[in-house]
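# Observations on the model geometry
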Amino acid sequence: MASPIVAAAASLRFALRDAADAFKAETGLPLRLNFGSSGNLARQIRQGAPFELFLSADEEYALALARDGFTAGEGVRYALGQLVIFAPRGSPLGVDPVLSGLREALARGDIKRFAIANPDHAPYGRAAREALTRSGLWEALESRLVLGENISQAAQFTVSGSCEGGIIARSLAVAPRFSGLGKFVTISGELHRPLRQRMVLMTGAGKNARAFFNYLRGPAARKIFEANGFAGPGGTSGAE
C-alpha cells in the first residue's frame, strides 16, 4: 500500500517533518509530504490531486473544500501562525513589532528589495500585505517587493542576501536553517488578521492518513508545533 500523501502549507516545512518522523517512530507508518502555498494546494485538490490530508495556513481554504464536498467534515484548527519581520546579517533594516524600523529604512532609501510570499494564494503573503497596508507602507514598498511562490521561497529570498529583509513565518525563522542568518521580531497581531490554520481529511482518506490526523491533534504534536514557532489553535472548532 502506498504511503498517503499529505498536502501542507509551506509554513509547516520543518514542523510537519518533525511530526511525521515522530509519528513514524511511534506507529511505523510512513507518509509522503507535499509542501506548497495553501491556495495552490487547494486548487490541486479541486483538480483531483491524490492527497489524503490537507493542512492549510488559512482555514478558509479548508472550509471551502468542506463546503464543496471534497473533505470528510470540516476538520480541526491545529495552530495559529505568527508573522515576523526578518533582516539578514548586514542589513540596515531594524526589526520591531510595528514596522517602525522598516519605515525608517524606506525613508533613508536603504530598502531596494523586500521579500514576502505572493498574497494572491499564500496566506502569509496576504497577512504581510495586511500588515504593510495597516502600517501605511504598502504603496512605498510595492515596487520593491520580491514575491515568493510560497512562504518557504519567500524565506529563502529573505536570507539569501539579495534582499534587505522580508516578512515570513515565525515557524521558518526559528528553524536552524534560518535562525542564525539574521534577526527577527514577531509582528504585532493588531496589524493583520489571525492566521488560523486548519487541517481536513479528504473524502476517501485511508486509515494511515486518519491515524496521522488524530496524532496531530494530540499533545505530542502540539509540543512540536509550539517548538517550531506556532501558537496554540486558540480553541479548536469544527466537526470531529
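These lines cover the structure that appears in this document, whether it is placed above or below.

### A few points about the packing of aromatic side chains
- Following the criterion strictly, the structure yields seven aromatic pairs and no others.
- Arranged with centres 6.5 Å apart and planes meeting at 10 degrees, the rings of Phe 212 and Tyr 215 form a pair that is stacked. Residue Phe 212 and its partner Tyr 215 are located together in helix α10 (residues 207–216), separated by three residues, close to a single helical turn. Neither residue differs from the other here; Phe 212 and Tyr 215 are each classed as buried.
- An aromatic cluster is defined as three or more aromatic residues linked by ring pairs; in this entry it consists of Phe 23, Phe 212 and Tyr 215.

### Side note on α10
- Where α10 is concerned, the buried positions are Asn 208, Ala 209, Phe 212, Phe 213, Tyr 215 and Leu 216. The buried residues of α10 occupy one face: seen down the axis, they fall within an arc of 160 degrees.

### Points about the nonpolar core
- Counting 69 residues, the largest nonpolar core has Leu 12, Leu 55, Leu 102, Phe 114, Phe 212 and Leu 216 as the members making the most contacts within it.
- Apart from residues lying up to four places away in sequence, Leu 102 is in contact with Ile 85, Leu 93, Gly 94, Ile 111, Phe 114, Leu 132, Leu 137 and Leu 141.
- Counting residues in each nonpolar core, the second largest holds 12 residues, with Leu 41, Phe 51, Tyr 61 and Leu 65 among its members.

### Looking at the sheet that holds strand β1 (residues 5–9)
- Read from one edge of the open sheet, five strands run β2-β1-β3-β10-β4, paired in mixed fashion. Both outer strands of the open sheet, β2 (32–36) and β4 (76–81), are each paired with one neighbouring strand and no more. Between one strand axis and the next, the sheet turns through 20 degrees on average, direction left out of account.

Thresholds, definitions, all that
- Residues numbered from 1 in each chain as written.
- Predicted model: local features only at pLDDT ≥ 70, side-chain atom pairs only at ≥ 80, totals over all residues.
- Heavy atoms only, no water.
- Phe/Tyr/Trp six-rings, centres within 6.5 Å; stacked < 30°, edge-to-face > 60°.
- Helix = DSSP H or I, 4+ residues; strand = E, 2+ residues; numbered from the N terminus.
- Buried < 20%, exposed > 50% of the residue type's maximum accessible area, 1.4 Å probe, protein only.
- Arc of directions from axis to C-beta.
- Core = buried A, V, L, I, M, F, W, Y, C linked by side-chain atoms within 4.5 Å.
- Contact = heavy atoms within 4.5 Å.
- Pairing = 2+ DSSP bridges.
- Axes fitted to C-alpha atoms, helices over the stretch in contact; angles between N-to-C directions.

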